[in-house]
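# Examining the three-dimensional arrangement
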Amino acid sequence: MNVPGGRVLAPTPAALDAAAHRLRDGELVAFPTETVYGLGADAANPLAVRRVFEAKGRPADHPVIVHLADVAELRHWARDVPAGAEALARAFWPGPLTLILPRSERALDVVTGGQDSVGLRVPSHPVARSLLAAFARLGGRGVAAPSANRFGHVSPTTAAHVADDLGDAVDLILDGGPCEVGIESTIVSFAGGAPALLRPGAIAPAAIAAILGFPPRSHDRAVPRAPGTLASHYAPRTRSVLVAADALRTVLASHASREERVAVLARTTRRPDDFDGVWIAAPADPAGYAHGLYANLRALDAADADEILIESVPASTEWLAVGDRLARATRGEDDDRD
Ligand code: TXA
Ligand code: MG
């Protein structure tokens, strides 16, 4: 299928082979992972990685994650792999976990953002795995890939989201259908002493603690710089606000009285009979909610409303990753987006 601004292909063996060759030749390939779609380039090719930043409109000093075909590649990119990191890799790879480790001399500055650490992940999505394996057969060691969205926008969870965001800037998009997890990987850093949770994701702190034998430190701004974790990104363009479940109906009524158009991401609140805007009823469980979150935010953004109202989610730990993304989506100041 051809869409304006990008070639979208089903992940047939021929398409995967073509995609691996494009990566080897320094071109950009967007591909599905179990979390979100990534915009990939050969991690050993500085010009290719630079093109990723240009395609996204992202500042050059933001580090990108290197995606690996196999856990055995860890030591190619990291000079030191603490026992805890090794244990997490064995427990959760392939899967939605990124490890930040002291970099080897092979990790390029353009990949690490000039930091002394590198982010690494072995994804579990079969298309990502096949692409990484095909690239490895051509001699590739890793694929540098941030989320395949324009800088500051919500991450893409379908091939169409990638095409909408990046258009001609991407040479090939592999279509693996909607991403299962729907939000970005959990990030655990071993770069600054005791392991720290830099970004919550589908792999919960308790699951990490069960492997490490102690909980990871929660993220604070003193630990290594992780631009994507510090401020608002994953943001819709329409002004978005979080509203407590028990206040949603009142807030709706006041918007209606001012004749303002709102779009709503509800979870437990039922759509009032007289509501005539876009209303999305999200699943009540955290995994189901996360799975559809970014597609829902894009749909609400497309409603062309004056404001998006998002019903807040519980403060419990099982909602940590979703709550983190909603906080970013609704925050005003946007100095740091990936
Ligand atoms: O699920 C994911 O992680 C997706 C898929 C494509 O793998 N990727 C993703 O990449 O979300 P990106 O670039 O949008 O976000 C990566 C995050 C950023 O917040 C970045 O700052 C952080 O990882 N990061 C990468 N390398 C780092 C490093 N060496 N030190 C600290 N943070 C790092
Ligand atoms: Mg991103």
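Located above this text is the structure these notes cover.
Heads up: these notes are all about the structure in this document. (Residues numbered from 1 in each chain as written. Chains lettered and ligands numbered in written order. Predicted model: local features only at pLDDT ≥ 70, side-chain atom pairs only at ≥ 80, totals over all residues. Heavy atoms only, no water.)

### Section: the nonpolar core
Residues Leu39, Leu88, Leu99 and Leu120 are the most contacted members of the largest nonpolar core, which totals 48 residues. Grouped together as the second largest cluster of nonpolar side chains are 24 residues, Val154, Leu297, Leu300 and Val313 included. (Core = buried A, V, L, I, M, F, W, Y, C linked by side-chain atoms within 4.5 Å. Buried < 20%, exposed > 50% of the residue type's maximum accessible area, 1.4 Å probe, protein only.)

### Here we look at the pattern of salt bridges
All told, the structure shown has 15 salt bridges when counted by the stated rule. Notably, a salt bridge pairs Arg325 with Asp324, separated by 2.7 Å at the nearest N-O pair. One exposure class covers both Arg325 and Asp324, and it is buried. Taken together, the salt bridges that share partners define one network made up of Glu184, Asp324, Arg325 and Arg328. (Salt bridge = Lys/Arg side-chain N within 4 Å of Asp/Glu carboxyl O.)

### A word on the packing of aromatic side chains
Counted under the stated rule, the structure contains 2 aromatic pairs. Their ring planes at 70° and their centres at 5.2 Å tell us that Phe275 and Trp279 sit as a pair that is edge-to-face. When the centroid spacing of 5.5 Å and the interplanar angle of 80° are considered together, the rings of Tyr289 and Trp319 count as edge-to-face. Residue Tyr289 is located in helix 10 (residues 286–302), and its partner Trp319 is located in the loop between strand 16 (307–311) and helix 11 (320–330); the two are separated by 30 residues in the primary sequence. You'll find Tyr289 and Trp319 in the same group, each marked buried. Lying over the aromatic face of Trp319, Arg267 brings its terminal NZ or CZ to 4.8 Å of the ring centre. (Phe/Tyr/Trp six-rings, centres within 6.5 Å; stacked < 30°, edge-to-face > 60°. Helix = DSSP H or I, 4+ residues; strand = E, 2+ residues; numbered from the N terminus. Lys NZ or Arg CZ within 6 Å of the ring centre and 35° of its normal.)

### Considerations on the site of ligand 1
Thr35, Arg58, His67, Ser185 and Arg199 are the nearest of the 25 residues found near ligand 1. Between ligand 1 and the protein, one listed contact pairs an oxygen atom with a side-chain N or O atom of His67 at 2.6 Å. In the environment of ligand 1, an oxygen atom lies 2.6 Å from a nitrogen or oxygen atom belonging to the side chain of Ser185. Elements with a contribution of two residues or more to the shell around ligand 1: strand 5 (65–67), strand 6 (97–102) and strand 7 (117–121). When residues of the shell around ligand 1 are assigned to their parent elements, the largest contribution, 4 residues, is made by strand 7. Here the shell around ligand 1 is built from residues that sort into 9 nonpolar, 10 polar and 6 charged. (Near = heavy atom within 4 Å. Polar contact = N/O pair within 3.5 Å; in protein donor to acceptor, adjacent residues only side chain to side chain. Nonpolar A, V, L, I, M, F, W, Y, C, P; charged D, E, K, R; others polar.)

### Some remarks on the sheet that holds strand 14 (residues 262–266)
In space, the 4 strands of this open sheet follow the order 13-16-14-15, with parallel pairing throughout. Across the chains shown, the open sheet's two edge strands, defined by having one partner strand only, are strand 13 (240–243) and strand 15 (279–281). Recorded for the sheet is a direction-independent mean angle of 15° between the axes of neighbouring strands. Examined bridge by bridge, strand 14 and strand 15 share 3 bridges and lie parallel to one another. (Pairing = 2+ DSSP bridges. Axes fitted to C-alpha atoms, helices over the stretch in contact; angles between N-to-C directions.)

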